[in-house]
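Each chain, written out:
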Amino acid sequence: MKGHHFRDDAQKGRALASESKQVEKLDRVVIRFAGDSGDGMQLTGDRFTQETAAFGNDLSTLPNFPAEIRAPQGTLPGVSSFQVHFADHDILTPGDRPDVLVAMNPAALAANIKDLRPGGIVIVDSHDFTKRNLAKAGYDTSPLDDDSLADYQVHPLDLTGMTVDAVADFGLGRKDAARSKNMFALGLVSWMYGRPTDATLAYLESKFASKPAIRDANVAAFKAGWYFGETTEAFAVSYEIAPAPMASGRYRNITGNTALAYGIIASGQQSGLPVFLGAYPITPASDILHELSKHKHFGVTTFQAEDEIAGIGAALGASFGGALGVTTTSGPGISLKSETIGLAVMLELPLVIVDVQRGGPSTGLPTKTEQSDLLQAMFGRNGEAPLPVIAPQSPADCFDAAVEAARIAVTYRTPVMLLSDGYLANGSEPWSIPDVDALPRIEPAFATLPADGAEFLPYARDPETHAPAWAPPGVAGLEHRVGGIEKADGTGNISYDPANHDRMVRNRAAKVARVADTIPDLVVDDPSGEARVLVLGWGSTYGPIGAGVRAARAQGIDVAHTHLRHIHPFPRNLGKVLRSYDHVIVPEMNLGQLALLLRAEFLVDVHGYDKVTGMPFGSEELAEVIAQAVKSIDTHRLENDR
Amino acid sequence: MSTPTTDLPTPTLARDGLAGMPAADAKQTGKEFTSDQEVRWCPGCGDYAVLKAVQGFLPDLGLKRENIVFVSGIGCSSRFPYYLDTYGMHSIHGRAPAIATGLATSRSDLSVWVVTGDGDALSIGGNHLIHALRRNVNMTILLFNNRIYGLTKGQYSPTSEIGKVTKSTPMGSLDNPFNPISLALGAEASFVARTIDTDRNHLTGVLREAAAHRGTSLVEIYQNCPIFNDGAFDTIKDPATRDHAVIPLVHGQPITYGPDGEHGLVRNPATGTIEPVEISDANRDQVLVHDAHADDPTLAFAISRLTDGGHLDRAPIGIFRQVERPAYDDLARQQLDTAVGTMGKGNLQQLLTGNDTWTIDA
Ligand code: SF4
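About the criteria used
- Residues numbered from 1 in each chain as written.
- Chains lettered and ligands numbered in written order.
- Predicted model: local features only at pLDDT ≥ 70, side-chain atom pairs only at ≥ 80, totals over all residues.
- Heavy atoms only, no water.
- Helix = DSSP H or I, 4+ residues; strand = E, 2+ residues; numbered from the N terminus.
- Rg over C-alpha atoms; globule rule 2.2 N^0.38 Å.
- Contact = heavy atoms within 4.5 Å.
- Areas by Shrake-Rupley, 256 points an atom, 1.4 Å probe, with all protein chains shown as cover.
- Expected span 1.5 Å × (residues − 1).
- Bend = angle between axes of the 7 residues up to and from the residue.
- Buried < 20%, exposed > 50% of the residue type's maximum accessible area, 1.4 Å probe, protein only.
- Pairing = 2+ DSSP bridges.
- Axes fitted to C-alpha atoms, helices over the stretch in contact; angles between N-to-C directions.
- UniProt positions renumbered as here; feature names shortened; annotations may be inferred.
- Salt bridge = Lys/Arg side-chain N within 4 Å of Asp/Glu carboxyl O.
- Buried area = accessible area lost by both parts, 1.4 Å probe.
- Polar contact = N/O pair within 3.5 Å; in protein donor to acceptor, adjacent residues only side chain to side chain.
- Phe/Tyr/Trp six-rings, centres within 6.5 Å; stacked < 30°, edge-to-face > 60°.
- Near = heavy atom within 4 Å.
- Nonpolar A, V, L, I, M, F, W, Y, C, P; charged D, E, K, R; others polar.
- Core = buried A, V, L, I, M, F, W, Y, C linked by side-chain atoms within 4.5 Å.
- Domains from an automatic or database assignment.
- Parallel < 35°, antiparallel > 145°, perpendicular 65-115°, else oblique.
- Left-handed = near helix turned anticlockwise from the far one by under 90°.
- Right-handed = clockwise from strand over helix to strand, strands pointing away.
- pLDDT = per-residue confidence, 0-100.

(A) Structural view of the overall build of chain B. Scanning chain B from N- to C-terminus turns up eleven helices and twelve strands. Taken over C-alpha atoms, the radius of gyration comes to 23 Å for chain B, in line with the 21 Å a tight globule of 362 residues would show. Taking the principal axes of its C-alpha atoms as reference, chain B extends roughly 90 × 50 × 50 Å. Counting contacts in chain B only where the partners sit at least 6 residues apart, residues at least 24 apart contribute 69% of the total. Put simply, chain B shows about 15,500 Å² of open surface, and 53% of that area lies on carbon and sulfur atoms.

(B) Structural context of helix H13 (residues 331-347) of chain A. Residue and element names in this part refer to chain A. For H13, spanning 17 residues, the distance from its first C-alpha to its last is 23 Å, which sits close to the expected 24 Å at 1.5 Å a residue. At lysine 337, H13 shows its largest bend, some 55°. Where burial is concerned, most of H13 is hidden: 13 out of the 17 residues are buried. Two residues or fewer after H13 comes glutamate 348, characterised by a positive phi angle close to 60°.

(C) Representation of the sheet that holds strand S12 (residues 357-360) of chain B. If you walk across this open sheet you meet the three strands as S16(A)-S9(A)-S12(B), and the pairing is antiparallel. What marks the edges here is a single partner per strand, and that holds for strand S16 (428-432) of chain A together with S12 of chain B. Put simply, the sheet's adjacent strands are angled 35° from each other on average, direction ignored. Here four bridges tie strand S9 (residues 249-255) of chain A to S12 of chain B, and the two strands are oriented antiparallel to one another. Directly across from tyrosine 251 of chain A, in S12 of chain B, lies its bridge partner tryptophan 358 of chain B. With respect to the sheet, helix H2 (residues 41-55) of chain A is in contact with S9 and S16 of chain A together with S12 of chain B, its orientation differing from that of S9 of chain A by roughly 165°.

(D) Inspection of the UniProt feature "domain: Pyruvate/ketoisovalerate oxidoreductase catalytic" (unreviewed entry) in chain A at higher detail. When the UniProt feature table is mapped to this numbering, "domain: Pyruvate/ketoisovalerate oxidoreductase catalytic" (unreviewed entry) covers residues 38-225 of chain A. From the first C-alpha to the last, residues 38-225 of chain A spans 20 Å; its make-up is 41% helix and 16% strand.

(E) Up close: the pattern of salt bridges. Residue and element names in this part refer to chain A. Scanning all chains against the criterion turns up 38 salt bridges over all chains. We note a salt bridge from aspartate 634 to arginine 532, for which the minimum N-O separation is 3.3 Å. Linking aspartate 634 in helix H21 (residues 619-641) with arginine 532 in the loop between helix H17 (498-514) and strand S18 (533-538), this pair joins segments that are 102 residues apart in sequence. The exposure class assigned to aspartate 634 is partly exposed, which follows from its relative accessible area of 35%.

(F) The arrangement of the interface of chain B and chain A in detail. The interface of chain B with chain A comprises 58 residues on the first partner and 70 residues on the second. Taking both sides of the interface into account, the surface hidden between chain B and chain A amounts to around 5,300 Å²; carbon and sulfur atoms contribute 62%. Among the residues chain B hides against chain A, the three largest losses belong to Tyr87, Leu352 and Trp358 of chain B. Together they make up 17% of the total. Scanning the region where chain B abuts chain A turns up two salt bridges. The closest approach of N and O atoms between glutamate 306 of chain A and arginine 135 of chain B, which form a salt bridge, is 2.8 Å. Run the count over chain B and chain A and you get 24 residue pairs in polar contact (both at pLDDT 80 or more).

(G) Representation of the packing of aromatic side chains within the structure. All names here are of chain A. For the structure shown, the criterion picks out 20 aromatic pairs over all chains. Taken together, a centroid distance of 5.3 Å and an interplanar angle of 20° make the contact between tyrosine 193 and tyrosine 239 stacked. Placement of the pair is tyrosine 193 in the loop between helix H7 (181-192) and helix H8 (198-207) and tyrosine 239 in strand S8 (residues 237-240), with a sequence separation of 46 residues. Each member of the pair tyrosine 193 and tyrosine 239 is classed as buried.

(H) Expanded view of the site of the ligand. Neighbouring the ligand are Trp41, Cys42, Cys45, Cys76, Asn146, Gly150, Gln223, Cys225, Pro226, Ile227 and Phe228 of chain B. Residue composition of the shell around the ligand, grouped by class: eight nonpolar, three polar and no charged.

(I) Summary view of the environment of proline 468 of chain A. All names here are of chain A. Here proline 468 is to be found in the loop between S16 and strand S17 (481-483). Under the relative-accessibility criterion, proline 468 is labelled buried at 4%. Separated by ten residues in sequence, proline 468 and proline 458 have C-alpha atoms that sit 6.6 Å apart. Once residues lying within four places of it in the same chain are set aside, the contact partners of proline 468 are Glu348, Arg413, Pro458, Tyr459, Ala460, Arg461 and Lys511.

(J) Layout of the nonpolar core. All names here are of chain A. Counting 146 residues, the largest nonpolar core has Ile567, Leu578, Leu594 and Leu598 as the members making the most contacts within it. If near-sequence neighbours (up to four positions away) are discounted, leucine 598 is found in contact with Leu536, Phe570, Leu574, Leu578, Val586, Leu603, Val604 and Val606. Core analysis: the next-biggest nonpolar cluster, separate from the first, contains 49 residues, Leu59, Val84, Ala224 and Tyr239 among them.

(K) Representation of helix H4 (residues 126-135) of chain B in the model. All names here are of chain B. With seven of its ten residues buried, H4 lies for the most part within the structure. Along H4, the positions that sit buried rather than exposed are Gly126, His128, Leu129, His131, Ala132, Leu133 and Arg135. Taken from the residues just after H4, asparagine 136 is the one with a positive phi, measuring 70°.

(L) A look at the domain arrangement of chain A. All names here are of chain A. Its domain assignment divides chain A into domain 1 (6-240), domain 2 (252-434), domain 3 (451-518) and domain 4 (533-641). Computed from C-alpha atoms alone, the centre-to-centre distance between domain 1 and domain 2 is 35 Å. Facing the 16 residues of domain 1 at the interface are ten residues of domain 2. Counting the surface lost from both domain 1 and domain 2, the interface buries some 950 Å², and carbon and sulfur atoms represent 54% of this. Per-residue buried area on domain 1 facing domain 2 is highest for Leu59, Thr61 and Phe65; these three make up 38% of the total on that side.

(M) View of the packing of H8 of chain A against helix H9 (residues 212-231) of chain A. Residues and elements named next belong to chain A. Two elements in contact, H8 and H9, have axes separated by 8 Å at closest approach and are oriented at 160°. Taken together, the axes of H8 and H9 lie roughly antiparallel to each other. The hand of the H8/H9 crossing is right-handed. Note on element contacts: H9 touches H8 through Arg215, Asn218, Val219, Phe222 and Lys223, opposite Thr200, Leu201, Leu204 and Glu205. Residues belonging to the contact of H8 with H9 are distributed by class as follows: four nonpolar, two polar and three charged.

(N) Summary view of the pairing of strand S10 (residues 274-278) of chain B. Residues and elements named next belong to chain B. Pairing between strand S9 (residues 263-267) and S10: five bridges, direction antiparallel. By the bridge assignment, leucine 265 is partnered in S10 with proline 276. Counting the residues that bridge the hairpin from S9 to S10 gives six residues, and of these glycine 272 lies at a positive phi of roughly 85°.

(O) Structural detail: the sheet that holds strand S6 (residues 216-222) of chain B. Reading across the sheet, the nine strands line up as S17(A)-S2(B)-S1(B)-S3(B)-S4(B)-S6(B)-S5(B)-S11(B)-S7(B) and stay open at both edges, with mixed pairing between neighbours. Strands at the two margins of the open sheet, each flanked by one partner only, are S17 of chain A together with strand S7 (246-249) of chain B. Averaged over all neighbouring strand pairs, the angle between strand axes comes to 20°, with direction disregarded. Lying over the sheet, helix H6 (residues 200-212) of chain B contacts strand S3 (111-117), strand S4 (139-145), strand S5 (191-196), S6 and strand S11 (315-322) of chain B, oriented at roughly 165° with respect to S5 of chain B.

(P) Layout of the pairing of S18 of chain A. All names here are of chain A. Summarising burial for S18: six of the six residues are buried, a large majority. Residues Val533, Val535 and Gly537 point to one face of S18 and Leu534, Leu536 and Trp538 to the other, with burial holding for every one of them. Direction of pairing for S18 relative to strand S21 (residues 583-588): parallel, over a ladder of three bridges. The partner of valine 535 across the bridge, within S21, is isoleucine 585. For S18 and strand S19 (residues 560-564), the ladder comprises five bridges, and the chain directions are parallel. From the neighbouring strand, leucine 534 faces S19, where its bridge partner is alanine 560. Chirality of the crossover, the property in question, places the unit of S18, helix H18 (residues 542-554) and S19 among those that are right-handed.

(Q) Main features of the side chain of serine 330 of chain A. Residues and elements named next belong to chain A. Residue position: serine 330 is located in the loop between strand S12 (324-329) and H13. Among the residues examined, serine 330 registers a relative accessible area of 0% and is labelled buried. Contact partners of serine 330, with chain neighbours within four places excluded, come to Ile282, Thr283, Pro284, Ala285, Asp355, Val356, Gln357 and Arg358.

(R) Highlighting the environment of isoleucine 265 of chain A. Relative to the assigned elements, isoleucine 265 of chain A resides in helix H10 (residues 256-271). Linking isoleucine 265 of chain A and leucine 292 of chain A, residues 27 residues apart in sequence, is a C-alpha distance of 7.7 Å. Among all residues touching isoleucine 265 of chain A, those that are not within four sequence positions of it are Leu292, His295, Phe298 and Val300 of chain A together with Leu348 and Leu351 of chain B.

(S) Layout of the confidence of the model for chain A. With 97% of its residues at a pLDDT of at least 70, chain A reaches an overall mean of 93. Across residues 1-18 of chain A the pLDDT falls below 50, and counting only partners more than four positions away or on other chains, this stretch makes 34 contacts in the model.

This is the structure we're talking about:
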């Protein structure tokens, strides 16, 4: 068979015990598990991630799955994958290109091989390389039999056959027996990278506790995969990636959606408010609904509404009643919620609106990531309806961002838009578990009876925040009516007076602008202090931009990086920061939405770098953009000097 | 493989619609429930009569005024909350049932009322209405049906008769109207009633029953719009015709109508439907006795079909259905209590820490 480049030193009849195999040290590895939607690749990736986290590497993950729950088996649209990047140093992204590809069928190979680094390792389940499956994946001839994979180290293994053999004792039908092949693959890759296995074994024991045969089969397949790696001649080398030095403390691995859900629960606890989530299922936000539904003992009510509009409507009703109202959705849901968001702006009630962005417009790319709802978040309502907009920068940061969104909503009595995205939602990273005692308190300012029998003015404003007090029903003397019709300043009664309307529109805008009083100044990362090019991002591009900046610096390029958590209002020093650089690059997974806002606000000629492929930026790609920008200003300067 | 279901715990829940809501310290008056806002409906609008009746009735509830909330949508009747000195929200078109659902679910101590119209509830907000009814959230929905769009100046509504000539339908409207009672029964509402704006006694009686019902009570109120659809309900209001037009429904009573009770409802044994007949000695014992508490909604639905879909010359009035069914909000709160009971009050540090952790030493 062509295309196999086993390492010479390992090939020659070594003893099969693992201690006699060669161990090679690496500083980082990117592995991609790919298979059919039904092959359990997300679970496999997830378990490998947990093992890696337990081992102490820094890591970052990127699941990638089709919108269809089960696309036709064996086809390209049905391919699901999970990429994990782990290292002995701190890393920022799931990696541009995998070093290892595990492909469970021809379609998984076809869909992913182009991303693999030259020289990378390919492990395929040769059992699935039948004529029929090859045809489904668009192969005329088997890539295992020609030299199309000559650039890689290919290991065609009968994973299915070996799995079936390994689980023969448990009385499963062949089909059920073969289902454990993902665990065989996991066992093998776990051996290759010296992962601790206890947690996975414990996980399998508990997950399949009620189905002993399935449990035993999975455990046996996992162990068989491990021993196969240890004994076979095909794998002569195993690898060691030392734990990464991380700040001391206790860590766990966490996805963006879980972190966001925890942030909402924490917000309820830190404010003393009951949490009410109104939501309608939508990809990629549903996991927040699922997660919150598990935590009713925190006083969290979850309401699966009849539609997106009812989801936010019920949340707003709960906010009116004094709860922390939250609604979670993706872009199409925001479109439907727009009118109610406008009502929340008008009523001046706290509300956290989570948009886990995905490819748009319309249904777009439900399972792919994008940042193209920024302008919708900013302006997607009738009338002057400003609201604060914030974005998390990494999966774990979704926790802090949720708490910050709730803080602003409650403090300023306003709906707040929290812009996560599919990349953050499903991606994961190690999280330094916060100390609950160190979390910020959120203080709701509830209305009290005016002194001396004075009239209660529901829209009188706090001198500091410019927000009206919160007056939920149940307090005698504070009875009042709110509504979507313009309100008279102070009383909140209906008013069509033109001057009053002008004042109220400005009041609401001024209140949102005041949020900037409590936003920290933007900090710029510019180690040399020599940079003339600044890269500015927002949201989930933090990791890729950071990695791109590092790669550029490694080439000796001076470049500065800063990242926005608060997009509306902006931090007070943003204009000054922008003007301190000759060239500002704004990479976005849209067609330049933040760039538009920056140009409008600061009259600074920022340079957008835009991409909407449904995938995050690669670090090498961004390093190249940075290098080009630096070169262009150097050329420019040369020309000017001439 | 089908998704497992779980048997919900036997509800140990209140059956009284007002349970859990604090009682007023002293007797209140209608005046206390009247806000300082000038009422701005057209002269002669049926909404005035309903407002007066509600202001007169609310003190009888005996609840603290601050624990009563009116939520409305958009339309003439939706201005209602501004005229009551309770808490209130005038929200957006069609969404009041959704907003009230969140409010009622998160606050068991509030008496929640929704004010809506035929356009608000049945057109733009139809989805929220049917889902509120099937969930059975503890609240009362007052559906002002004037069979026309008033606020937008006279287009036909989802309850207008076919062929209605309006500004938007100069050659006559084409769509078949909804019968709100049939719709509510189809949505499995647990309390469904109809009353008339000008019949204060009946209106007040129905409101009392609706408030006392635990779950969603839907009350359709025939309401005259003298500006755009004047006289829509004249046949059932005019003393000369009303006895022939109104079929009064009283639980436990034979369903008879006519000036001398000479008409009655009987079941047609061949088709199973309900038919009005001239009562005679031969059929007297077949006259249906109204059973609003029947678990099966079939009869209530059949009775609702006796409502004219065209010009209203005949309509059953009263409580069609009133059955006990656990209220969504009670069950939702019970799940929270159950979760605390089995898991204890949530411990945030424990949650954030989780089960799969590792420690980096300094
Ligand atoms: S338009 Fe009709 S329903 Fe509206 S306020 Fe005037 S009379 Fe009443």
